[in-house]
Amino acid sequence: MTLKNINKISYLLLLIVLLVGCKESVEQKYKAFEKTELAKAIRKDSLFLGLYFQMSKDTFRSYCFDMNIKGKFKQGGNKNMSWVESKIEGTNYPAAINFYPNFKNEKISELNAAIYYKNAKFKDGKFEIDSLMLDVLKLLDTWYDGKVFKIKSPFFYKEDVQVMVDGNKRITITPDAIKQMVNLWYVDLTTLKAKKND
């Protein structure tokens, strides 16, 4: 092999390394997409079942009370007995969502939720967390216009995270540790950004 051929191979290898190294990761694509969505300054405050970001604490309580009277909401659920539970449509098996918001300045700025199949017994092999995750992703796709990113966990013992961004709304989607529900964490990115600036 001549010196000229070795130089060509070296340059080719260097070019390959640079191209592979310059490839944008999913995390970088997500951050860029989030920044683009926020730059549009379009508010998408609707959450689900009539709830929305910036809903006052008093309005939330009154709304939940009214929905409870109508038989649509109830206190309790599989995730947290002090949260609110409601049946949801659009999954392959009867499901429920268990939720409760976090308030900043007496208004909803975040909301934690969990979706699970009602009365499902995962030990019988009929139900798997994968099928629930697919159902939840399909459901969120019908509820919102956002884009979903799958971000690999840096820890081998943690599950990968799905993140959806729709305007100012970010939804982090993760399987629960007990593997029988999918956790959702809704965040108003404008509130989060304001919190960082404080």
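Here the structure is a predicted model, which is why all the values come from computation and not from measurement.

Criteria and thresholds
Residues numbered from 1 in each chain as written. Predicted model: local features only at pLDDT ≥ 70, side-chain atom pairs only at ≥ 80, totals over all residues. Heavy atoms only, no water. pLDDT = per-residue confidence, 0-100. Helix = DSSP H or I, 4+ residues; strand = E, 2+ residues; numbered from the N terminus. Buried < 20%, exposed > 50% of the residue type's maximum accessible area, 1.4 Å probe, protein only. Salt bridge = Lys/Arg side-chain N within 4 Å of Asp/Glu carboxyl O. Expected span 1.5 Å × (residues − 1). Arc of directions from axis to C-beta. Contact = heavy atoms within 4.5 Å. Phe/Tyr/Trp six-rings, centres within 6.5 Å; stacked < 30°, edge-to-face > 60°. Lys NZ or Arg CZ within 6 Å of the ring centre and 35° of its normal. Polar contact = N/O pair within 3.5 Å; in protein donor to acceptor, adjacent residues only side chain to side chain.

A. Examining the confidence of the model for the protein chain more closely. Averaged over all residues, the pLDDT of the protein chain equals 82, while 77% of them reach at least 70. Taking the mean pLDDT of every element in the protein chain, the minimum, 51, falls on helix α1 (residues 3–22) and the maximum, 96, on helix α3 (residues 57–69).

B. Expanded view of unusual backbone geometry. Unlike most non-glycine residues, Ala 41 shows phi in positive territory, near 55°. By secondary structure assignment, the location of Ala 41 is in the loop between α2 (26–39) and α3. With relative accessibility at 64%, the residue Ala 41 sits in the exposed group. Of note in the backbone geometry, Gln 54 takes a positive phi value of approximately 75° without being a glycine. In this structure, Gln 54 sits in the loop between α2 and α3.

C. How the structure looks around the pattern of salt bridges. Evaluation of the coordinates by the stated rule reveals eight salt bridges. With its nearest N and O atoms 2.7 Å apart, the salt bridge here joins Arg 43 to Asp 188. Of this pair, Arg 43 sits in the loop between α2 and α3 while Asp 188 sits in strand β8 (residues 182–188), placing them 145 residues apart in sequence. On the basis of relative accessible area, Arg 43 is assigned to the partly exposed category, the value being 39%.

D. Spotlight on α3. Taking 1.5 Å of rise per residue, 13 residues should cover 18 Å, and α3 covers 18 Å from first to last C-alpha, within 8% of that figure. Taken residue by residue, α3 has Phe 60, Cys 64 and Met 67 as its buried positions. The buried side chains of α3 occupy one side of the element, clustering within an arc of 65° when seen end-on. Along α3, exposed side chains directed more than 90 degrees from the buried face belong to Asp 58, Phe 65 and Ile 69. Contact partners of the buried residues in α3: β1 (73–75), β2 (84–88), β3 (95–104) and β4 (107–117).

E. Highlighting the packing of aromatic side chains. With the rule as written, the count across this model stands at 11 aromatic pairs. With a centroid separation of 5.6 Å and an interplanar angle of 50°, the aromatic rings of Phe 48 and Tyr 186 are classed as tilted. Separated by 138 residues along the polypeptide, Phe 48 in the loop between α2 and α3 and Tyr 186 in strand β8 bring together distant segments of the chain. Here Phe 48 falls in the buried class, since its relative accessible area comes to 4%. Aromatic side chains Tyr 144 and Tyr 186 sit 6.2 Å apart centroid to centroid with 70° between the ring planes, which places their arrangement in the edge-to-face category. Highlighted residues: Tyr 144 in the loop between α4 (129–143) and β5 (147–151) and Tyr 186 in strand β8, separated in sequence by 42 residues. With a relative accessible area of 5%, Tyr 144 lands in the buried category. Of the aromatic side chains, those joined through ring pairs into one cluster are Phe 48, Tyr 63, Phe 73, Phe 99, Trp 143, Tyr 144 and Tyr 186. The ring of Trp 185 has Arg 170 sitting right over it, with the charged end atom 5.6 Å from the ring centre.

F. Spotlight on the side chain of Asp 188. Here Asp 188 falls in the buried class, since its relative accessible area comes to 0%. At a separation of 3.1 Å, a polar atom in the side chain of Asp 188 contacts the side chain of Asn 168. Apart from the residues lying within four places of it in its own chain, the contact partners of Asp 188 are Arg 43, Asp 45, Phe 53, Gln 54, Ser 109 and Asn 168.

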